[in-house]
Protein chains: 2
Amino acid sequence: MPLPRQVSDLSPYDLLLSVARLGSVGAAARAHGITQPAASARLSSLERRLGLALLQRTTQGSRLTAHGALVADWARTAVDAAAALDAGITSLLRSSGSRLPVAASLTVAEYLLPRWLAALHVASPQTAVALTTGNSEDVAAAVLTGDAEVGFVEGPELPEGLRARTVARDTLTVIVAPGHPWSRRRSGIEPRELSAMPLVSREQGSGTRRYLEHALTRQAGASLAQPLLELSSTTAIKSAVIEGVAPAVLSSLAVAGELAAGTLRRVPISGLALARELRLVHPAGRPLVGPAQDLAAIATRAQ
Amino acid sequence: MPLPRQVSDLSPYDLLLSVARLGSVGAAARAHGITQPAASARLSSLERRLGLALLQRTTQGSRLTAHGALVADWARTAVDAAAALDAGITSLLRSSGSRLPVAASLTVAEYLLPRWLAALHVASPQTAVALTTGNSEDVAAAVLTGDAEVGFVEGPELPEGLRARTVARDTLTVIVAPGHPWSRRRSGIEPRELSAMPLVSREQGSGTRRYLEHALTRQAGASLAQPLLELSSTTAIKSAVIEGVAPAVLSSLAVAGELAAGTLRRVPISGLALARELRLVHPAGRPLVGPAQDLAAIATRAQ
DNA sequence: GGAGAGGCATAAGCCGATTCTATGAGCCCA
DNA sequence: TGGGCTCATAGAATCGGCTTATGCCTCTCC
């Protein structure tokens, strides 16, 4: 189901937000590097498409109408998300030769880092982040060798020479489609039931799968059944679960949206601790300074 | 600061997500109602703009590269936010003559409803929501008269004939710019200090302001100082606070982003309970059915 | 092994959306 | 009353994206 046309181009909304902030169409046009007639036309066209009066135009400037204020508040969320996407992409491009090299495990890179980068861009616009991703060992190695100033890792292991600070928590979560029998289990399932059930999972060797196997072995003396289906992306796994293929175990950060929307159900599991800490690491010798410290502060506050 | 061009148009990203889900460019093109060459060009142009290889094209289909998977995961957040924006706008348009009339107070409409509507659209696409906004009394009246099937109100009052269910909580929060003296107050401030400080606030009569005055009077026997500046939008207030004009008191839902980003600081306040419940209401006689029940389930789960 | 189907890229032409410059009208202030 | 601000409109030029047509590659199945 593709995105409706009304909202696929965010630039009119972005312009609307600038008008709201600056108080006039002309000022917003200058801020966006276009002429006033172009801005005027873009806004009129938006109003015509939506069939809503968003702006109250006067000869002293323009203000949002009640509907306009509501739309602007909603639009801000989308525009902020797009800015986070841009921050992520931009940092991905600067693979070297830049200011603040950051290494992150996949979970952090996917679900947490974009917002932090967007916030960092606001707090210190001249800082250029160069992002590399990898598993927690790769990240630790990058930080130790100095290839990265700051790293974000999952799990408890911590090589000598690194200092760490917990910035977020993440819980592996058993998910099923709403119709699945497990979704009606109030009491939760036992580790043995999970271990006996063929799951939809990532390929062998993925961080999430390794961590689940490890926890199951250590805490319940059990192991995972042969997966019913191995897929290479979290998104593909969620789709398969939603279609009722089988349950899966994914990061709580990955499924928060679907759980909220009700398209997936969480199944409690008893007697198995599946929480792991996401931690910021940096060399023990070198305290964080400048932009790295800013990023650390943002990540810490964001908890 | 306008949105970068890379991300102002989300349609290439939307298309990328479809390719990831469907496994081929042609299938994604069909899903979006465009031809295969158009989709191919749109994706190539995205890759060229970003300077990143996102897709691995084969004669059997296309898969995401590692970079592509990361970008797709980030993009999903932005696309979902845009879908929520669309859901909000669409519901705003159907001011009457439609399926599920919903009335909501401004706080709920601004910060919570869009995601619920987007989830509802997934769960039951044929449901058309008609949204009206107003203060809690308006909402209660609309539900009582049957103008709305479901309502969302703030605060504890509950007219006869309505049943309510708490779906979220919201706390009025004192915010200051990072440099403000209050931001260094670990112990929090006293109600008397707040009451003596001229604030940036909404105009008289706004729900948030009334609630704050009420709480201050009832719980601390104090009243609000004359505001330093009255502004008509939450956004304008946040900007003023960030620029250091004065502290303000806003909903925690309104400032979560800025607090996470560190552009605003929260100041604890002792001896004043400023939490309020956001509740779903419906006529006592008529239990929720159909789409209204779906929406209630989504709102309840989303907590 | 050859035919068919499905996958993708390229080329050429068309159409439309958006932009710019130029200009006019309304309001405020000195 | 003139200058400066606001916004809207008009006409011309430009740019980008779409469609159709085509070719190449690979897998599958007879």
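Description of the structure in this document. (Residues numbered from 1 in each chain as written. Chains lettered and ligands numbered in written order. Predicted model: local features only at pLDDT ≥ 70, side-chain atom pairs only at ≥ 80, totals over all residues. Heavy atoms only, no water.)

Looking at the overall build of chain A
Inference 1: Across its full length, chain A carries 13 helices and 11 strands.
Inference 2: Along the first, second and third principal axes, the C-alpha atoms of chain A reach 75 × 55 × 25 Å.
Inference 3: Among the 303 residues that make up chain A, the fraction classed as buried is 51%.
Inference 4: For chain A, the share of sequence-separated contacts (at least 6 apart) that also reach a separation of at least 24 residues comes to 73%.
Inference 5: Total accessible area computed for chain A in this model is approximately 13,600 Å², and 51% of it derives from carbon and sulfur atoms. (Helix = DSSP H or I, 4+ residues; strand = E, 2+ residues; numbered from the N terminus. Buried < 20%, exposed > 50% of the residue type's maximum accessible area, 1.4 Å probe, protein only. Contact = heavy atoms within 4.5 Å. Areas by Shrake-Rupley, 256 points an atom, 1.4 Å probe, with all protein chains shown as cover.)

So, the relation of the copies chain A and chain B
Inference 1: With an axial shift of 0.0 Å and an RMSD of 0.1 Å, the rotation relating chain A to chain B amounts to 180°. Such a turn and shift between the copies fits a two-fold axis. Scanning chain A for the C-alpha nearest the rotation axis identifies Asp9 of chain A, at a separation of 2.1 Å.
Inference 2: Same-surface contact between copies: 100% of interface residues of chain A are shared with the interface of chain B. (Least-squares fit on C-alpha atoms with pLDDT ≥ 70 in both.)

What to know about the environment of Ala164 of chain A
Residues and elements named next belong to chain A.
Inference 1: Here Ala164 shows up in strand E6 (residues 162–176).
Inference 2: When the C-alpha atoms of Ala164 and Val255 are compared, they prove to be 26 Å apart, with 91 residues separating the residues in sequence.
Inference 3: Contact partners of Ala164, with chain neighbours within four places excluded, come to Leu158, Arg279, Leu280 and Val281.

Quick word on the protein's contact with DNA strand C
Inference 1: Thr35 and Arg42 of chain A together with Val25, Ser40 and Arg57 of chain B are the nearest of the 19 residues found near DNA strand C.
Inference 2: Thr35 of chain A places a polar side-chain atom, nitrogen or oxygen, 2.6 Å from a phosphate oxygen of DNA strand C.
Inference 3: At 2.9 Å, a side-chain N or O of Ser62 of chain B approaches a phosphate oxygen of DNA strand C.
Inference 4: A class-by-class count of the residues in the surface near DNA strand C yields 5 nonpolar, 12 polar and 2 charged. (Near = heavy atom within 4 Å. Polar contact = N/O pair within 3.5 Å; in protein donor to acceptor, adjacent residues only side chain to side chain. Nonpolar A, V, L, I, M, F, W, Y, C, P; charged D, E, K, R; others polar.)

Side note on the pattern of salt bridges
All names here are of chain A.
Inference 1: Under the defined criterion, the tally for this structure stands at 16 salt bridges over all chains.
Inference 2: Between Arg276 and Glu154 there is a salt bridge; the shortest N-O distance is 3.0 Å. Placement of Arg276 in strand E11 (residues 275–283) and of Glu154 in strand E5 (residues 150–154) is noted, with a sequence separation of 122 residues between them. As far as burial versus exposure is concerned, Arg276 and Glu154 are alike and both buried.
Inference 3: If you follow the salt bridges from partner to partner, you end up with Glu154, Asp170 and Arg276 in one network. (Salt bridge = Lys/Arg side-chain N within 4 Å of Asp/Glu carboxyl O.)

Re the interface of chain A and chain B
Inference 1: Listed by partner, the interface residues are 60 residues for chain A and 60 residues for chain B.
Inference 2: Roughly 5,100 Å² is buried in total at the junction of chain A and chain B, and carbon and sulfur atoms are behind 67% of that figure.
Inference 3: Area buried by chain A at its contact with chain B is led by Leu3, Trp74 and Leu85 of chain A, which between them contribute 14% of it.
Inference 4: Along the contact surface separating chain A from chain B lie 0 salt bridges.
Inference 5: Linking chain A with chain B are 6 residue pairs in polar contact (both at pLDDT 80 or more), by the criterion used here. (Buried area = accessible area lost by both parts, 1.4 Å probe.)

Some remarks on the environment of Thr132 of chain A
Residue and element names in this part refer to chain A.
Inference 1: Within the secondary structure, Thr132 sits in strand E4 (residues 129–134).
Inference 2: Along the sequence, Thr132 and Ala81 sit 51 residues apart, while their C-alpha atoms lie 21 Å from each other.
Inference 3: Residue contacts for Thr132: discarding those within four places in its chain leaves Val102, Ala103 and Ala104.

Here's the deal with the protein's contact with DNA strand D
Inference 1: Taken together, 19 residues are adjacent to DNA strand D, and Val25, Ser40 and Arg57 of chain A together with Thr35 and Thr59 of chain B come closest.
Inference 2: Each atom of DNA strand D within 4 Å of the protein was classed as base or backbone; sugar and phosphate made up 73%.
Inference 3: In the environment of DNA strand D, a phosphate oxygen lies 2.2 Å from a nitrogen or oxygen atom belonging to the side chain of Arg57 of chain A.
Inference 4: Of all the elements in the fold, those that place two or more residues in the surface near DNA strand D are helix H3 (25–32), helix H4 (36–50), strand E1 (55–58) and strand E2 (61–64) of chain A together with helix H4 (36–50) of chain B.
Inference 5: Residues belonging to the surface near DNA strand D are distributed by class as follows: 5 nonpolar, 12 polar and 2 charged.

Topic: the packing of aromatic side chains
Residue and element names in this part refer to chain A.
Inference 1: As enumerated under the stated definition, the model contains 2 aromatic pairs over all chains in all.
Inference 2: Centroid distance Trp116 to Phe152: 5.3 Å. Interplanar angle 45°. Geometry classified as tilted. A residue pair is termed long-range when its members are at least 10 positions apart, and Trp116 in helix H7 (residues 113–123) and Phe152 in strand E5 qualify at 36 residues. Phe152 matches Trp116 in its accessibility class, with the two residues each being buried.
Inference 3: One residue, Arg276, lies across the ring of Tyr211, its end atom 5.4 Å from the ring centre. (Phe/Tyr/Trp six-rings, centres within 6.5 Å; stacked < 30°, edge-to-face > 60°. Lys NZ or Arg CZ within 6 Å of the ring centre and 35° of its normal.)

As for a nonpolar patch on the surface
Inference 1: There is a patch of nonpolar side chains on the surface, built from Leu228, Leu229 and Val245 of chain A and spanning about 230 Å² of accessible area.
Inference 2: For Leu228 of chain A, the position within the fold is in the loop between helix H10 (207–220) and strand E8 (229–231). (Patch = residues over 30% accessible without salt bridge, like charges linked within 9 Å, V, L, I, M, F, W, Y side chains within 5 Å.)

Section: the packing of helix H2 (residues 11–22) of chain A against H4 of chain A
Residue and element names in this part refer to chain A.
Inference 1: Axis separation between H2 and H4 bottoms out at 10 Å; the angle between their running directions is 115°. Classed by the angle they form, the pair H2 and H4 counts as roughly perpendicular. As H2 runs across H4, the sense of the crossing is left-handed. Side by side, H2 and H4 meet where Ser11, Pro12, Tyr13, Leu15, Leu16 and Val19 of the first sit next to Ala39, Arg42, Leu43, Leu46, Arg49 and Leu50 of the second.
Inference 2: Residues of the contact of H2 with H4, tallied by class, amount to 9 nonpolar, 1 polar and 2 charged. (Axes fitted to C-alpha atoms, helices over the stretch in contact; angles between N-to-C directions. Parallel < 35°, antiparallel > 145°, perpendicular 65-115°, else oblique. Left-handed = near helix turned anticlockwise from the far one by under 90°.)

Some thoughts on helix H11 (residues 234–242) of chain B
Inference 1: Taken residue by residue, H11 of chain B has Thr234, Thr235, Ile237, Lys238, Ala240 and Val241 of chain B as its buried positions.
Inference 2: Two residues or fewer past H11 of chain B, Gly244 of chain B is found with a positive phi of approximately 90°.

As for the side chain of His32 of chain A
Inference 1: Following the sequence through the fold, His32 of chain A ends up in helix H3.
Inference 2: A residue is classified by how much of its surface remains accessible, and His32 of chain A, at 15% relative accessible area, is buried.
Inference 3: A polar side-chain atom of His32 of chain A sits 2.7 Å from a polar atom in the side chain of Ser18 of chain A.
Inference 4: With residues up to four places along the chain from it excluded, the contact list for His32 of chain A reads Asp14, Leu15 and Ser18 of chain A together with Pro2 of chain B.

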